[in-house]
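Fold and geometry: a report
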Amino acid sequence: MTLIYFLYSCRSHLLSSANSLISCPVVMSSVDSSGDGGKWLDAHYDPVAGLYTFSSCIDLADLSGDRESRLVVGDLGTGSSGMKLKVYRGTALISENSLLDLPAGLVAFFMDLHEPRIPAVAVASGPCIYVYKNLRPYFKFTLPSLDINPLEQDVWQQAREGQIDPVMLKEMLESIRKKADVPLSVRSLRFLSLESDQVDEFVQLYKQQPIRRQTVITCIGTLKKSTADEDGISCLVIGTENSNVFILDPEAFTILCKMSLPAVPTMMDVTGQFDVEFRITVACRNGSIYILRRESEKPKYCIELSSHPVGLVRVGKNMVVGCTDESLQGFTQKGKKLWKIILPAPVTTMAAMDLPTRGLQAVLVGLANCQVHLYRDKNLLSTIKTPDTVTSICFGRYGREDGTLIMTTKGGGIMVKILKRTAVFDAMDSTPGPPLAQSVRLNVPKKTKLYVDQTLRERENGLAMHRAFHMDLSRTRVAAARAYVKALESSLTPMSSSLSKPLKMNAVVQGLGPSFKLTLNIQNTASCRPIMNLAINFLYDNNLYRIRNPYRKIPLLVPGLIYPVETFVECTSDKGISDIIKVFVLHEEKSSPLLTAHINMPVSEGLVLS
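Reading guide: rules and limits
Residues numbered from 1 in each chain as written. Predicted model: local features only at pLDDT ≥ 70, side-chain atom pairs only at ≥ 80, totals over all residues. Heavy atoms only, no water. UniProt positions renumbered as here; feature names shortened; annotations may be inferred. Helix = DSSP H or I, 4+ residues; strand = E, 2+ residues; numbered from the N terminus. Buried < 20%, exposed > 50% of the residue type's maximum accessible area, 1.4 Å probe, protein only. Salt bridge = Lys/Arg side-chain N within 4 Å of Asp/Glu carboxyl O. Core = buried A, V, L, I, M, F, W, Y, C linked by side-chain atoms within 4.5 Å. Contact = heavy atoms within 4.5 Å. Pairing = 2+ DSSP bridges. Axes fitted to C-alpha atoms, helices over the stretch in contact; angles between N-to-C directions. Phe/Tyr/Trp six-rings, centres within 6.5 Å; stacked < 30°, edge-to-face > 60°.

Per an unreviewed UniProt entry, the protein goes by the name BBSome complex member BBS1 and belongs to Xiphophorus couchianus. According to its UniProt record, the protein has this under Subunit (unreviewed entry): "Part of BBSome complex, that contains BBS1, BBS2, BBS4, BBS5, BBS7, BBS8/TTC8, BBS9 and BBIP10. Interacts with the C-terminus of RAB3IP. Interacts with CCDC28B and ALDOB. Interacts with PKD1."

Quick notes on unusual backbone geometry
Of note, the bond from E115 into P116 is cis; its omega dihedral lies within 30 degrees of zero at -5 degrees. In this fold, P116 is placed in the loop between β7 (103-109) and β8 (120-125). Positive phi values are uncommon outside glycine, yet N134 reaches one of about 55 degrees. Residue position: N134 is located in the loop between β9 (128-133) and β10 (136-142). Relative accessible area serves as the criterion here: at 48%, N134 is assigned to the partly exposed category. Phi angles above zero are rare outside glycine, and D377 is one such case at about 60 degrees.

Some words on the pattern of salt bridges
Applying the stated criterion across every chain, the model contains 19 salt bridges. With its nearest N and O atoms 3.0 Å apart, the salt bridge here joins E68 to R400. One end of the pair, E68, is in the loop between β3 (58-61) and β4 (70-75); the other, R400, is in the loop between β27 (390-398) and β28 (401-409), with 332 residues separating them in the sequence. Under the relative-accessibility criterion, E68 is labelled buried at 7%. Its relative accessible area of 54% is what places R400 among the exposed residues. In this structure, the salt-bridge partner of D75 is K86, at a minimum N-O distance of 2.9 Å. Note that D75 is positioned in strand β4 and K86 in strand β5 (residues 84-89), a separation of 11 residues in sequence. Note on D75: relative accessible area 3%, which makes it buried. Each of E68, R89 and R400 takes part in salt bridges that share partners, so that together they form one network.

Brief notes about the nonpolar core
Most often, soluble globular proteins keep nonpolar side chains buried together rather than apart. Counting residues in each nonpolar core, the largest one holds 28 residues, and the members touching the most others are L520 and F538. Taken together, the elements giving at least two residues each to this core come down to β30 (503-510), β31 (515-524), β32 (534-539), β33 (545-547), β35 (562-571), β36 (580-587) and β37 (595-600). Not counting chain neighbours up to four residues away, the residues in contact with F538 comprise L518, L520, I547, N549, P550, T567, I581, K582 and V583. Counting 20 residues, the second largest nonpolar core, distinct from the first, contains L355, L360, A362 and M407.

Digging into the sheet that holds β35
The strand order β30-β31-β35-β33 describes an open sheet built from four strands, whose pairing is antiparallel. Both edges of this open sheet fall to β30 and β33, since each of them pairs with a single strand only. When strand polarity is set aside, the average angle formed by the axes of neighbouring strands in this sheet is 30 degrees.

Thoughts on the packing of aromatic side chains
In this structure the tally under the stated criterion is six aromatic pairs. Relative to F278, the ring of F274 has its centre 5.9 Å away and its plane inclined at 10 degrees; by these criteria the two rings are stacked. With respect to burial, F274 and F278 carry one shared label: buried. Of the aromatic side chains, those joined through ring pairs into one cluster are W156, F191, F202 and Y206.

Take a look at the structure:
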């Protein structure tokens, strides 16, 4: 009886655990993933899940208050139909709601202080934000309508009254589109794109309806209102097609703040609190990144990129941007460029990897070559190989497991990986390159009063100091030129200036005294012409030195060979002084020397000791 009860309990436990992927230890640790150094576990992979989405339309949130996070996905469907909001628990689809338009972004946020603390889900789709609470539709917010071009309104009014025909209407709208400052409405733009046989039907169908010009939402984020707590109330931050950024009140859904941008925003990252200080980093369609701050209607900083951004992630106080030129770049929050690395393939998606329990902050980068790279700053920590190109990445708490990585693929598949508790990311996993100490900022001392005074003096007397510097530089150049000309005229250079007889000579003095051995190494530097009829003459003080043969001839000098000429010099003075011996290389038919060398003789130590 005890055995039967034990088997029944095990069966019940396995059936209940199968409903939750993360709660089942057998599923989590069944197979190790390949190509990642054994740091990740393959928890689940469904290649035919039919899930088509991007990183901006995927989030993790505890939607039931049971401390188990669900996966919330805005599914794009086929692009024209089948758009849905899906919620997964483990591997099972537990909720599904249809969407009227393609989702541009999805976030989970706390909109009130009611208990239990359950977040709501906001889905940006077209010009509207659909808010779901307890997995049910709760509220719909629509962007305010834009101003209509008065000329466009008058033209449609004339068409409604029958004063102009559709052909004339099209010509007038085309003229307004080229000259007007206010863009045309969607109805007029669609009318201008029609063929000639379709314009009559279009005018009869829409001429009685009022004209509306509506913008659409391009990106969405959340901003804490007054506290930075994890379950604190958050405001919605949205970017629109008409280059505006709105901050919405989480309870009344009114516009708290409106800011303008030079271009259409495509991605954003928000940090801070609305009531204290916040910073909104926005990547725009013109290839630039703008940084908005509290109480500023226009961007405070601008980062101009060499190519368009495809991913924007904040890591600590820095920003990491993936670009279309297959590069990953790091910037400070003020726009200063820190580093840049080249990736092996184009970037498809990016996401932040924040694991506070291990003190790890990194960036997950999905590449077009079916790989996902994990970077901490510019150092590669891990590489995950996937069976298909990854289109969206989300890292966080799923179920009851903190380090869960969820990815969707281009073919509609979904993958779930779990970070091993024994996984270690250290410097040995980094790619070769400059040492980490090279990126550490130097501790530059503060400016002293002397430095400031000197800077002010240079600013006030900059022109006079520049002229004095150039005057001294010119004098130095003149002095150097005169010395060079004098050396050439007296042949004091170690190489002769004659093009017909190019020579080079150096001298070596050996011995302690009173007898020295003087060796002259003479070389013909010509390419193929020998030199002959040369002689050497020594000029010295007869009261100090004596040379047996102060004048001697030099044999024929073959190009390239070094000819040593040796002689002995005897010091005849006992005063412990030395002098210069001049050596002249002469041609027998000319009086001016080809080469001159001044040899500083050492003091004769032998006579001093004696």
